[in-house]
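The chain contents come next:
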Amino acid sequence: MKVIIAEKPSVAREIAKVFGATAKKDGYMEGKGYTFTWAFGHLLQLAPPQEYGFYGWNVQNLPMLPPKFKLSIRKVKTKDGIVEDPSVKKQLDTIKTLFDEATEIIVATDAGREGELIFRYIYYYLKCKKPFKRLWISSQTDEAIKEGFRNLKPGTDYDTLFNSAHCRSQSDWLVGMNATQALSISSGSRAVLSLGRVQTPTLAMICSRYLENKNFVPQLYYQVSIQVDKDGQVFRAISADSFKTKEEAQAVVDKVEDVPSGFPNGGHILSVEAKPRKEPPPLLHDLSSLQQEANKRKGFTADQTLGLLQTLYENKLVTYPRTGSRYIGDDVFATVPTLIDKFKEHPEFGKQATFLTGTKLNKRSVNAKKVTDHHAILPTGETPHQLSNDLQAVYDLVAARMLEAFHQECIKEITKITVQSGAIFTASGTVISSAGWRAVLNEPDEEKKDEENASLPKVQQDERLPIPEKSLLEKQTKPKPLYNEASLLKALETAGKEIEDEELRYAMKDSGLGTPATRASIIETLIKRDYIIREKKNLVPTQTGLGVYYVVKDQKIAQAELTGNWEKRLEEIRSGASVNEFQQEIKTYTRNITQELLLAGRNLMAKSKEGVNTPQIVAQKTA
DNA sequence: GCAAGGTC
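Please read these numbers as outputs of a predicted model, since none were measured by experiment. (Residues numbered from 1 in each chain as written. Chains lettered and ligands numbered in written order. Predicted model: local features only at pLDDT ≥ 70, side-chain atom pairs only at ≥ 80, totals over all residues. Heavy atoms only, no water.)

A. Local environment of the sheet that holds strand 13 (residues 233-239). Pairing is antiparallel in the open sheet, where seven strands are placed in the order 17-14-15-16-13-12-18. Each edge of the sheet is formed by a strand with only one pairing partner; in this case those strands are strand 17 (464-465) and strand 18 (469-476). With eleven bridges joining them, strand 14 (residues 267-279) and strand 15 (residues 410-421) adopt antiparallel strand pairing. From the neighbouring strand, Glu273 faces strand 15, where its bridge partner is Lys416. Sitting on the sheet, helix 7 (residues 246-255) touches strand 12 (220-230), strand 15, strand 16 (423-434) and strand 18, and the angle it makes with strand 18 is about 160°. (Pairing = 2+ DSSP bridges. Helix = DSSP H or I, 4+ residues; strand = E, 2+ residues; numbered from the N terminus. Contact = heavy atoms within 4.5 Å. Axes fitted to C-alpha atoms, helices over the stretch in contact; angles between N-to-C directions.)

Printed below as a string of C-alpha cells:
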C-alpha cells in the first residue's frame, strides 16, 4: 500500500479526490490502493531546554547549546498547564501505523522549506527508514496534481532543503531561547523578556517610530491661498511656494490682485493641464493585504481576521487563507466566471457581479509564475448560511476583492490649473470619468488631499478671472504616524527593502520579516509580553517595551538584516553549501549575545525612562 | 516561563 502524506487535511482530500479515493477513515482516507493522510502543520518541535538537562532559568546553563537537538510533540495550553496536544499524538499514531504498513511513502507537504521540515521531523521522530518520494506542485488543481504524480522526485533530492530548514529552526531556538533567558535573568524582573529574530526587530520598528513621532518638533510654515471665480463657480488655488516666515507670506498676499484691492480680473490663467489617469484594479488578496484591509475598514486585528478566515476556510467558503500570493493560475482563472455568477444576487455588489458576467475580465491577477505554495484568496462558490456579522464582513471583503480584481480600470481626469497673480498659484482636481473597479464598493478615494478640489470649472489658458478672496495659511509639518496593525503588517512585508548590502537585500526580497502565517501571532506575542499595547487603532510601546528596545536597539538581533543574512546562508545551504560552518557561526553568535545581554539587562529599567521628551505620555499598562 | 514556524 502506498501512503501519501500532506501538510494538512484539505490538501490530502484534494489529492484523494483526484485518485477517486473516497473512503473516510479516522485520520486518513483510503481507496485505489492508496492511503492519504496528513499532518496539521508542525506536529513536532525542537524540544525545550529542560529536555537537555537545562533546568530552571539559571545563568549557569547559559548559553544553552544542546549537542544534539531532540524533537518533542507539539504542546497545548490547558487548565492543567502545558501538555502534549492529544490530537497531535493521535495523528502521529495514525501516521506511524500507516508508515509501518507502507510499501512506498509519497511526501505531499507544501512545496517549500517548512513543508519539507514538517515531513522530515515526523519521519525522523517515528524512526522511519523507508525510502520516500516527493510530490512537488505549486497549484492544487486536478491537472497539477496529476502532472506532479507523473513526476515524483526521489526524496533525497530535497536533503539540502531539509538541511536549510533544520538550520533555520535550530538557529531560531539557539538565539531566541538564550537571549530571552539572558535578558530576563539579568534585568532582575520576574517577567519574561523575550527576544527573537523576528519579534525583536518588530518591537524595534514600533519603538523607533513611536519615539520619532513623540519627539517630533513641528515646523511652522506658511502658504497663500486664493479663490478664483469662473462665472460664479469658485475654486481654490494654493501658492506654489511655501514660506518659513509669516512676513514673506504676507508680502505675497499683498501682491495678489484681488477684487477688494481694486482688480476686477487679477488672476491670469497661465496653463491648464488635463490628463486622464488609468488606475488598474487592485490585485486579489493574500493574507496580509486582507488583514490590512480588514483592519482599516472594520478595525479587526490581524489575529481576529486570521481566525475568521480560518473558520470560513473550515466551512469551505474561502480557499486556503495563509497564502502569500496575490495571483492565481490560468486553471483557477477558468473557474472565476462561475464564481462571479454566484454573487449576482448580493445586496451590496450584485449589480457589479452582473456587469462582470457580460464583459471581458481583467487578467492582472492571473500569473501562474507568481503563485507559490498557494494562490490568492478566493471564495469557493459554496453558499454561506447564516454567517455572524464578523464572518460575513470578512467573507464580503474576499468576494468584493474578487469582483474588483477582475473589473475594468478606473479612469480619472486629473486637472491642474496654474494661476498668476503676484505669484504663482496652482489648483488641482480629480474627476472620475469611469469608475471601473471602484464601482464595486463605491467609496471615495482615500488618498484625496484636503487642498484638492473635487472638480474644477472649465477654464482657458490666458483667461483673466476675478479673485474674490485671498488668505494666509499657517501650516505645520507632520510626523510619521504611529504604527497601527495595517501599517505594521505592510512594514513587516517590506522589511529589508532598505538594507544597504545588496546581497542581504536580495536574500530578503521575497520574504520580509516573519511569514504570512506568523505575523498576526508576532503582534500578539509582543502584546502578551507587555511590550506594546493597542491604543485605539495604534500600536504603542510600554515602558517595558521601550526598556528592552534601549538595551538591544543597536544589536544585530534588533535588525531586519539578521533575517537577511540568515536567508542568504540558508539559500546557500539549500544549494549544497556546508551546514557546519553556519552552525558554528550561530553558536559563536549565541555565546556573544548571551554574554552581552547578561551584562546589559542590568540597566534595563533605568534605560526605559530615557529618550522621550515627555516620559509621562509613554503608555502605561492598564490593569 | 523562552523562538519561529505551521495548522485545527
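B. Structural view of the UniProt feature "domain: Toprim" (unreviewed entry) in chain A. UniProt annotation of "domain: Toprim" (unreviewed entry) refers to residues 1-141 when read in the numbering used here. As annotated, residues 1-141 has a helix share of 28% and a strand share of 27%, and its two end C-alpha atoms lie 24 Å apart. (UniProt positions renumbered as here; feature names shortened; annotations may be inferred.)

C. Highlighting the packing of helix 8 (residues 287-298) against helix 14 (residues 485-494). Between helix 8 and helix 14, the shortest axis-to-axis distance is 8 Å and the interhelical angle comes to 160°. One way to sum up the angle between helix 8 and helix 14 is to call them roughly antiparallel. Of the two elements, helix 8 crosses helix 14, and the hand of that crossing is left-handed. Counting all contacts with helix 8, which are made through Ser288, Gln291, Gln292, Asn295 and Lys296, the residues of helix 14 involved are Glu485, Ala486, Leu489, Lys490 and Glu493. (Parallel < 35°, antiparallel > 145°, perpendicular 65-115°, else oblique. Left-handed = near helix turned anticlockwise from the far one by under 90°.)

D. Inspection of the protein's contact with DNA strand B at higher detail. Around DNA strand B sit 40 residues in total, of which Pro49, Trp57, Arg74, Tyr320 and Thr515 are the nearest. Per the 4 Å cut-off to the protein, sugar and phosphate atoms form 62% of the nearby atoms of DNA strand B. Within the side chain of Gln181, one N or O atom sits 2.9 Å away from a base nitrogen of DNA strand B. Take Thr518: an N or O atom from its side chain is 3.1 Å from a phosphate oxygen of DNA strand B. Of all the elements in the fold, those that place two or more residues in the surface near DNA strand B are helix 5 (159-187) and helix 9 (302-314). With eight residues, the single largest contributor to the surface near DNA strand B is helix 5. (Near = heavy atom within 4 Å. Polar contact = N/O pair within 3.5 Å; in protein donor to acceptor, adjacent residues only side chain to side chain.)

E. The arrangement of the pattern of salt bridges in detail. Considering all chains together, one arrives at 37 salt bridges under this definition. A salt bridge links Glu143 to Arg150, with the shortest nitrogen-to-oxygen separation between them at 3.3 Å. Look at Arg150 and you get exposed, because its relative accessible area is 55%. A salt bridge links Lys230 to Asp231; the nearest nitrogen and oxygen atoms lie 3.9 Å apart. By relative accessible area, which is 15% here, Lys230 ends up buried. For Asp231, a relative accessible area of 71% translates into the label exposed. A cluster of three or more residues bridged by salt bridges with shared partners is formed by Glu503, Lys568, Arg569, Glu572, Glu581 and Glu585. (Salt bridge = Lys/Arg side-chain N within 4 Å of Asp/Glu carboxyl O. Buried < 20%, exposed > 50% of the residue type's maximum accessible area, 1.4 Å probe, protein only.)

F. Here's a closer look at the sheet that holds strand 10 (residues 132-134). Reading across from one edge, 2-3-4-1-9-10-11 is the order of the seven strands in this open sheet, with mixed pairing throughout. Where the open sheet ends on each side, the last strands, each with one partner, are strand 2 (23-24) and strand 11 (153-154). Where strand 1 (residues 2-6) lies against strand 4 (residues 34-38), five bridges are found, and the strand directions are parallel. Within strand 4, the residue paired with Ile4 across the bridge is Phe36. This element, helix 3 (residues 113-125), spans strand 1, strand 9 (104-108) and strand 10 of the sheet and lies at about 170° to strand 10.

G. Expanded view of the packing of aromatic side chains. In this structure the tally under the stated criterion is 20 aromatic pairs. Their ring planes at 85° and their centres at 5.9 Å tell us that Tyr52 and Phe69 sit as a pair that is edge-to-face. One end of the pair, Tyr52, is in the loop between strand 5 (44-46) and strand 6 (71-73); the other, Phe69, is in the loop between strand 5 and strand 6, with 17 residues separating them in the sequence. On the basis of relative accessible area, Tyr52 is assigned to the buried category, the value being 16%. Aromatic side chains Phe343 and Tyr395 sit 6.1 Å apart centroid to centroid with 35° between the ring planes, which places their arrangement in the tilted category. In this pair, Phe343 is assigned in the loop between helix 11 (336-341) and helix 12 (350-357) and Tyr395 in helix 13 (residues 389-405), connecting sequence segments 52 residues apart. (Phe/Tyr/Trp six-rings, centres within 6.5 Å; stacked < 30°, edge-to-face > 60°.)

H. Up close: the pairing of strand 16. Here strand 13 runs beside strand 16; their pairing, made up of two bridges, is antiparallel. Counterpart to Ser239 in the pairing with strand 16 is Phe425. Relative to strand 16, strand 15 runs antiparallel, the two sharing eleven bridges. If you follow Ile414 over to strand 16, its bridge partner there is Thr430. In sequence, strand 15 turns back onto strand 16 through a hairpin of one residue, with Gly422 there showing a positive phi of about 80°.

I. Inspection of the nonpolar core at higher detail. Counting 133 residues, the largest nonpolar core has Phe99, Ile122, Ile328 and Phe406 as its most contacted members. A total of eleven residues in this core trace back to one element, the largest contributor, which is helix 13. Judged by nonpolar contacts, the second largest core, of 21 residues, contains Ile226, Val252, Ala423 and Val459. (Core = buried A, V, L, I, M, F, W, Y, C linked by side-chain atoms within 4.5 Å.)

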